[in-house]
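# Remarks on the overall topology
The residues making up each chain are set out below.
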Amino acid sequence: MSQLGTLLLGSWRMISWTYEVLVSGEVRDAFGKNPRGVITYAADGRVMVLVLSEDRITPNDLVPTPDEKIGLYDSMFAYAGTYSVEDDRLFTILT
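Notes on the structure in this doc start here. Small disclaimer: the values here were computed from a predicted structure and weren't measured.

## Things to note about the environment of V38
Turning to its location among the elements, V38 is positioned in strand β4 (residues 36–41). What makes V38 partly exposed here is its relative accessible area of 41%. Residues contacting V38, with those up to four places away along its chain left out, are S11, W12, M48, V49 and L50.

Take a look at the structure:
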């Protein structure tokens, strides 16, 4: 495993997530100014990501209402897959 691959191993907490609108050049926050998220890189080449919006709701009961389900779904981003490191580049393959 490369030095970069070794340094990536473990879990990392997200502190911000921004993106740029190419047409206007405007930079926006994804999931608010303080999203909560974790990305985990495992030695076997697997990666897992979970990001929650800063204003994610908490359901009132164990089983969310239909409106709460929509809010919960719309306020998260998650994926799992595999990754590889080549030189100074990280490649993720979603599964």
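Now that the structure is up, let's keep going.
## What to know about the side chain of S53
Following the sequence through the fold, S53 ends up in the loop between β5 (46–52) and α2 (66–74). Among the polar contacts listed, one links the side chain of S53 to the side chain of D55, at a separation of 2.5 Å. Setting aside residues up to four positions removed in sequence, S53 forms contacts with F31, R36 and S75.

So, how was this worked out
Residues numbered from 1 in each chain as written. Predicted model: local features only at pLDDT ≥ 70, side-chain atom pairs only at ≥ 80, totals over all residues. Heavy atoms only, no water. Helix = DSSP H or I, 4+ residues; strand = E, 2+ residues; numbered from the N terminus. Buried < 20%, exposed > 50% of the residue type's maximum accessible area, 1.4 Å probe, protein only. Contact = heavy atoms within 4.5 Å. Polar contact = N/O pair within 3.5 Å; in protein donor to acceptor, adjacent residues only side chain to side chain.

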